[in-house]
Amino acid sequence: MLVADLLAVMFPHLSVVRVEKVARAGGSVALHARPTSRTAACPCCGVDSARVHSRYPRTVSDMAVSGQETVLRLEVRRFFCRNELCERRIFAEQVDGLTVRYGRHSVQLRDVLVRLALALGGRPGARLCVGLASAVSRMTLLRLLRALPEPDVGRLRVVGVDEWAFRKGRNYGTILVDMATRRPVDLLPEATSDALAAWLLRHPGVEVVCRDRAGYFADGARRGAPDAIQVADRWHLLANLSAVVERVISRCRSCLRDKPDDKVRVLPTPEATSTPGPLAQRIRALQPQIQRMIAKGWTISAISRELNLDRKTVRRYARRDLDDLMSTATDRGSLIDAFVPYLRRRWGEGCVNAAVLYTEITAQGFRGSRQLVRRRIQHWRVAGVPAEPPPTVTPRKATGWIMRRPEELTDREQEHLDRILRRSDHVAVTGRLAAEFALLLRQRRGHELEAWVRQAETSDVTEMRGFATALRRDWDAVVAGLTLSHSNGPTEGNVNRLKLIKRAMFGRASFDLLRRRVLVTECVPEPISESTISACRKWHPCSSGGLVVLVEDAAQSFPSADIEAGDRCLVGDGWWQGV
């Protein structure tokens, strides 16, 4: 391959200029060149002109070569416009595919800078640009990002709605996702029914709204798109039911413990004293006080403000009894707990030296002090080595056993669950109802929901009756969620991606910049392979310059979209454009 051929392959964008000189200055390379075309088109009327008015130097930054910044020093021309009716008399030429009006970067470099700005933002993108593309400031990247046009929403049929946090527990916004393409179409600065209703009114034609069970989203969808079908997300239904099951098991905590005969006696450690710790003392003082305030008619928010506590803490103290709260305050783990089996084994082998045992477990990752090991060994010398305690079953673990598919449980887990269900009638009824609801949800048997709700409403479990009442308040959306195939999962995924972008900017970016990065990043086209085009059974050119391809089997070629045989896919210049 000749050098000229190599340059044509490696630098195709420079084929429209003639390089006359290459100079190196420090860490940069300067290419002196001039355009090869004889004429240029007027930007106003489009008439070609060959009459040169003057020439002037123009400096344009280009892609780095071998880690060296490249600068194009072009000698461009000004032309007289030949069209007497044109409002412009003189215009400057633009090199096709290389320069744009007022641009200080080549088209190729600008494309790379835009992608870096979308992926990384200002400061991280500017640091990566050094040696990779061209040294630019963070404000240049942000200016390029804000100059990008917003994607066209188009006609939406199925929309997913969810909230996201500016600051968790304080300020929330709304994200809207096109469920057909699984791409976000808009961000709203607030999570209210009025904001959602106004957005839906500006985008008529929505047929299905997928949402969680927030009341303001239900009201906004009802006012903004009254004819649309609202679909409650199945994951949130299972999450709500899991919370109900965990509350029931926490209330009947005694069913988690084995019978007295089966208990393994564990000797107390010397560091445990009869005096309750600070957390236990605080719980003993606050729980009765909060219960009295609730009895007097105080609201959760009012108690939170009065006692300077988080609302979730007040709600937990109001719903749980003192013994339940004290169990969480006293069952505090120690840094040495994870190494007790190893210490017990070494003790049985005859190693009773605390210094030696401390050295051994430190090599395994122990971060505690030598005194902590010495106290534990001293207690064993006096009281003997305690028997190994049985595995602890928490309400959350038992809830997971109930909510999981039966075939996913091991024999040991199923045995534990059966013993728990036999010890409490309330837990047994809750477990049966929860398993039946999960089966209805997974098999989408929404037509049987009415019978299940009637069973829950007539049960003796207060929490299950409350769950059934909540389903009644959002009945149509719940039935649709248990019947239709739509799910709000893609919206939750986009919320996670939004969190990543927001936290990468340390939460300091303005809303418009965050919105631009979330929406425009999804519009960067993904490459399409030649094998995909060859697998298409029919294609023909379209007016936009791309190809309208009828895909025979494109499910594997386009994993990011739901494509079936015969779908129309717009492909242009080797890039995926959308379905």
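Residues numbered from 1 in each chain as written. Predicted model: local features only at pLDDT ≥ 70, side-chain atom pairs only at ≥ 80, totals over all residues. Heavy atoms only, no water.

1. Focus: the pattern of salt bridges
- Scanning the model with the defined rule gives 31 salt bridges in all.
- When salt bridges with common partners are traced through the structure, they connect Arg18, Glu20, Arg34, Arg55 and Glu75 into a single cluster. (Salt bridge = Lys/Arg side-chain N within 4 Å of Asp/Glu carboxyl O.)

2. Concerning a nonpolar patch on the surface
- Together, Leu120, Leu128 and Leu132 make up a nonpolar patch on the protein surface, roughly 230 Å² of accessible area in all.
- Along the polypeptide, Leu132 turns up in the loop between α3 (123-129) and α4 (138-146).
- Its relative accessible area of 46% is what places Leu132 among the partly exposed residues. (Patch = residues over 30% accessible without salt bridge, like charges linked within 9 Å, V, L, I, M, F, W, Y side chains within 5 Å. Areas by Shrake-Rupley, 256 points an atom, 1.4 Å probe, with all protein chains shown as cover. Helix = DSSP H or I, 4+ residues; strand = E, 2+ residues; numbered from the N terminus. Buried < 20%, exposed > 50% of the residue type's maximum accessible area, 1.4 Å probe, protein only.)

3. Let's talk about the sheet that holds strand β12 (residues 229-232)
- An order of β10-β9-β8-β11-β12 is seen for the five strands of this open sheet, with the pairing classed as mixed. Only two strands of the sheet have a single neighbouring strand rather than two, namely β10 (183-188) and β12. Taking each pair of neighbouring strands and ignoring which way they run, the sheet shows an average axis angle of 30°.
- As judged from the eight bridges shared by strand β8 (residues 158-167) and strand β9 (residues 171-178), these two strands associate in the antiparallel manner. By the bridge assignment, Val161 is partnered in β9 with Leu176.
- In the packing of helix α5 (residues 193-202) onto the sheet, contacts are made with β8, β9 and β10, and the angle to β10 comes to roughly 125°.
- Here helix α21 (residues 489-504) sits on the sheet in contact with β8, β9 and β10, set at roughly 30° to β8. (Pairing = 2+ DSSP bridges. Axes fitted to C-alpha atoms, helices over the stretch in contact; angles between N-to-C directions. Contact = heavy atoms within 4.5 Å.)

4. Regarding the environment of Ala354
- For Ala354, the location among the structural elements is in helix α13 (residues 354-363).
- Between the alpha carbons of Ala354 and Arg374 there is a distance of 5.4 Å; along the sequence they are 20 residues apart.
- For Ala354, the contacting residues outside a window of four places in its chain are Val373, Arg374, Ile377 and Arg381.

5. Details of the side chain of Ser49
- Assignment of secondary structure puts Ser49 in strand β4 (residues 48-49).
- Ser49 sits in the buried class, given a relative accessible area of 0%.
- At 3.4 Å, the side chain of Ser49 and the backbone nitrogen of Arg51 are in polar contact.
- Residues within four places of Ser49 in sequence aside, it is in contact with Arg38, Thr39, Ala40, Phe79, Phe80, Arg82 and Phe91. (Polar contact = N/O pair within 3.5 Å; in protein donor to acceptor, adjacent residues only side chain to side chain.)

6. Regarding a positive patch on the surface
- There is a patch of like positive charges on the surface, built from Arg123, Arg127, Arg138 and Arg508.
- As for its placement among the helices and strands, Arg127 is situated in helix α3.
- According to the relative accessible area criterion, Arg127 is exposed, its value standing at 60%. (Lys, Arg positive; Asp, Glu negative; His and termini not counted. Charge placed at Lys NZ, Arg CZ, Asp CG, Glu CD.)

7. Here's the deal with unusual backbone geometry
- The backbone of Arg182 shows a phi angle near 60°, a positive value even though the residue is not glycine.
- With respect to the helices and strands, the residue Arg182 is situated in the loop between β9 and β10.
- Here the phi dihedral of Arg444 falls at roughly 55°; this positive angle occurs in a residue that is not glycine.
- Inspection of the secondary structure puts Arg444 in the loop between α17 (425-443) and α18 (449-457).
- Judged by its relative accessible area of 38%, Arg444 is partly exposed.

8. With respect to the confidence of the model for the protein
- On average, residues of the protein carry a pLDDT of 81, and 83% of them reach 70 or more.
- A low-confidence stretch, residues 523-579 (pLDDT under 50), is modelled with 84 contacts involving residues beyond four sequence positions or located in other chains. (pLDDT = per-residue confidence, 0-100.)

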